[in-house]
Amino acid sequence: MNDWKEKIAFKGDKILWYIVIMLMIASVMVVYSSTGRLAYNEKAGNTFFYLIKQLFLIGGCFGVMFIVQSIHYRYFYKYAGVLLFVSMILLVCAAFGGTNINGAGRWIRLPLIGLTFQPSELAKIAIMMFTARILSEAQTDTHCDDSVLQKFLLFVGPVILLIFMDNFSTSALIGAVCFILFMIARMRWRLLAMTLGTALAAIALVLILGIYVPQVKEWGRIGTMVNRITDFAKGGEDGDGYSYQSVQARIAVAKGGLMGSGPGNSTQRNFLPHPYSDFIYAIVIEEYGLGGGAFIMLLYAVILFRVGVIGRKSMRKEVLNDRGMPDIFPALLVVGLGLTIVLQAMINMGVCVGLLPVTGQTLPLVSMGGTSLLFTSAAFGVILSIAHTFSPEGEKEESERLKMKSEKQGRKNRREEYEPEEVLVDEVEDGELPEMQPRTVTPPTGRRRGRKPAEYDEDRDFDILGEEGIGEIRDELESEGREVLNELKRRGR
């Protein structure tokens, strides 16, 4: 019973837990309000369907966080490469046999249960884990080893490329966070400049080819990316679908004003495409005003601040990597996942207020969805796990775990059997027994290193038998010896 209570406890950073709970409460309120039209079109007007679905998903999110926060970060370090490989395989499956949802073929439909799964969400976590691992292993006294860039391009580069072909905004988000991790890990500025310049040049080349070479637009969703960026650059003058979404979002923001129209009173939810996911922040401002929008933004700012605090606490000089340098893996992992969540939120907000071109980024923990919610919760679980590990409670649990392990090993050592003693029998020489010699008993020695043999007391047996016992044993031995001699004489030996 106590084990279950420990697993469902709110471990780690308590402020971060409060932020997560407040965002989930906001999610229930806004999703219920923004799914009215969807309920009438898909569920015959049953508006409670998506409310109950969101509540179940939030319950699953808490379950995921409770499970992940109980896993020590050493396992994230150990299996980062395996997780990256699995995510790459799933991305390949989604690229060549995925399900098309809302014009994007980036989904995998799980067999038997029929749910859809977005591999790019798993890839975000896997890339952050693997990048933090290789950067922590490459630390030296003055900088980060240059070979880490080769490892990144070799193992992480193909995964980002697979995401780029079908989801430019997610690949750009991952690339930006990885670049920040490079700077934190003290990569040489010359390599940083070369990496940034190469990435920007590649994106510019794709845009130019997409504009002037029509065949390039057929590669994945390159055409969608080009159209959205060019439409944003023109200010929505063409009046196409991309500018329509942005215009309707800005109308919702304008209607909200300072105080908003009130919960459930949104009108733009009937005009905005996907008001419950991609443009949910516009609905927040329309119903709760700029104050409500600023409050949601403040929550994400607090997340970023707490991530920095946790990352600083996890920098321990006594924990060293293979090069003898302080292990910065937990700090890099916390910062990487935290930045991914916060920057994704900033992108969603920027799109809704017209500061960025339209993307498919949801508002973490607020937008309706399955894959995004669960994997965002898993990312929070990782952050909370590291926060708990380096908290006083976590350090106490670790010391108790090591103590129990040591005691268990000691009991195992005591149960080990000693080697049996060899008993030598004196041979009869020329029909006579040799003169009895006192037997030397070798004290047992343990097999474990460091165990001292117990001292053997030669007079111990005599003390126990006493003088009368010794005489009886002597008489028995003489009687048995005479019988043996008589038997040998009878046989003529």
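Quantities reported herein were computed from a predicted structural model and do not represent experimental measurements. (Residues numbered from 1 in each chain as written. Predicted model: local features only at pLDDT ≥ 70, side-chain atom pairs only at ≥ 80, totals over all residues. Heavy atoms only, no water.)

## Overview of the overall build of the protein
Consideration 1: Within the protein, the regular secondary structure consists of 17 helices and 3 strands.
Consideration 2: Across the protein, every contact between residues at least 6 apart in sequence was considered, and the portion connecting residues at least 24 apart equals 71%.
Consideration 3: Here the protein has roughly 28400 Å² of accessible surface; of this, 61% comes from carbon and sulfur atoms. (Helix = DSSP H or I, 4+ residues; strand = E, 2+ residues; numbered from the N terminus. Contact = heavy atoms within 4.5 Å. Areas by Shrake-Rupley, 256 points an atom, 1.4 Å probe, with all protein chains shown as cover.)

## What about unusual backbone geometry?
Consideration 1: Of note, the phi angle at Arg186 is positive, near 70 degrees, even though the residue is not glycine.
Consideration 2: Looking at where Arg186 falls in the secondary structure, it is placed in the loop between helix H9 (168–184) and helix H10 (189–212).
Consideration 3: Residue class for Arg186 comes out partly exposed when judged on its relative accessible area of 33%.
Consideration 4: In the Ramachandran plot, Leu365 falls in the positive-phi region, its phi being about 70 degrees despite a non-glycine side chain.
Consideration 5: On the secondary structure map, Leu365 appears in the loop between helix H14 (329–352) and helix H15 (371–389). (Buried < 20%, exposed > 50% of the residue type's maximum accessible area, 1.4 Å probe, protein only.)

## Considerations on the environment of Gln118
Consideration 1: Along the chain, Gln118 turns up in the loop between strand E3 (116–117) and helix H7 (119–137).
Consideration 2: It is 6.2 Å that separates the C-alpha atoms of Gln118 and Thr371, two residues lying 253 residues apart in sequence.

## Remarks on the side chain of Ser367
Consideration 1: Tracing the chain through its elements places Ser367 in the loop between H14 and H15.
Consideration 2: A relative accessible area of 4% means that Ser367 is categorised as buried.
Consideration 3: There is a polar contact of 2.8 Å between the side chain of Ser367 and the backbone oxygen of Ser277.
Consideration 4: Ignoring any residue separated from it by four or fewer positions in sequence, one finds Ser367 in contact with Ser27, Val31, Gln54, Tyr276, Ser277, Ile280, Thr362 and Leu373. (Polar contact = N/O pair within 3.5 Å; in protein donor to acceptor, adjacent residues only side chain to side chain.)

## Structural notes on the environment of Arg188
Consideration 1: Summarising the element assignment, Arg188 is placed in the loop between H9 and H10.
Consideration 2: Residue Arg188 is classed as partly exposed on the basis of its relative accessible area, which comes to 35%.
Consideration 3: When sequence neighbours within four positions are dropped, the list of residues in contact with Arg188 reads His143 and Asp146.
Consideration 4: A distance of 2.8 Å separates polar atoms of two side chains, one belonging to Arg188 and the other to His143.

## Focus: the packing of helix H13 (residues 280–313) against H15
Packed helices, taken two at a time, are described by their axes: the angle between them and the distance between them.
Consideration 1: Between H13 and H15, whose axes approach to 10 Å, the crossing angle comes to 40 degrees. Put simply, H13 runs oblique to H15. Pair H13 / H15 crosses with left-handed handedness. Facing Ile303, Val307 and Ile310 of H13, the residues of H15 in contact are Phe380, Ile383, Ile386 and Ala387. (Axes fitted to C-alpha atoms, helices over the stretch in contact; angles between N-to-C directions. Parallel < 35°, antiparallel > 145°, perpendicular 65-115°, else oblique. Left-handed = near helix turned anticlockwise from the far one by under 90°.)

## With respect to the packing of helix H2 (residues 14–34) against H13
Consideration 1: Here H2 crosses H13 at 160 degrees, and the two axes come no closer than 10 Å. In this view, H2 runs roughly antiparallel relative to H13, as classed from their interaxial angle. Crossing hand, H2 versus H13: left-handed.
Consideration 2: When grouped by side-chain class, the residues that make up the contact of H2 with H13 number 20 nonpolar, 2 polar and 2 charged. (Nonpolar A, V, L, I, M, F, W, Y, C, P; charged D, E, K, R; others polar.)

## Here we look at the UniProt feature "transmembrane region" (unreviewed entry) in the protein
Consideration 1: Taken from the UniProt record, the annotation "transmembrane region" (unreviewed entry) applies to residues 15–35, 47–68, 75–97, 159–184, 191–213, 279–307, 328–347 and 367–387.
Consideration 2: Along residues 75–97, the helical share is 96% and the strand share 0%, with 31 Å between the first and last C-alpha atoms.
Consideration 3: The distance separating the terminal C-alpha atoms of residues 279–307 is 26 Å; by composition the span is 97% helix and 0% strand. (UniProt positions renumbered as here; feature names shortened; annotations may be inferred.)

## Regarding the nonpolar core
Consideration 1: Among the nonpolar cores identified, the biggest contains 109 residues, and Ile296 and Leu333 are the most heavily contacted of them.
Consideration 2: Counting residues per element, this core draws most heavily on H14, which supplies 14 residues.
Consideration 3: The residues contacting Leu333, other than those within four sequence positions of it, are Phe76, Met128, Met129, Ala132, Val382 and Ile386. (Core = buried A, V, L, I, M, F, W, Y, C linked by side-chain atoms within 4.5 Å.)

## Notes on helix H11 (residues 222–234)
Consideration 1: Its 13 residues place the ends of H11 18 Å apart at the C-alpha level, agreeing with the 18 Å of an ideal helix rising 1.5 Å per residue.
Consideration 2: Among the residues making up H11, those that are buried are Ile222, Gly223, Thr224, Met225, Val226, Arg228 and Asp231.
Consideration 3: The positive-phi residue at the C-terminal boundary of H11 is Gly235, with phi of around 80 degrees. (Expected span 1.5 Å × (residues − 1).)

## With respect to the pattern of salt bridges
Consideration 1: This structure, assessed with the given rule, holds 4 salt bridges.
Consideration 2: With a closest N to O distance of 3.2 Å, Arg133 and Glu137 form a salt bridge. One end of the pair is Arg133 and the other is Glu137, both in helix H7 and 4 residues apart, which spans about a single turn.
Consideration 3: With relative accessibility at 22%, the residue Arg133 sits in the partly exposed group.
Consideration 4: For Arg188, the salt bridge identified is with Asp146, shortest N-O distance 3.1 Å. Of the two residues, Arg188 is situated in the loop between H9 and H10 and Asp146 in the loop between H7 and helix H8 (147–166); the sequence distance between them amounts to 42 residues. (Salt bridge = Lys/Arg side-chain N within 4 Å of Asp/Glu carboxyl O.)

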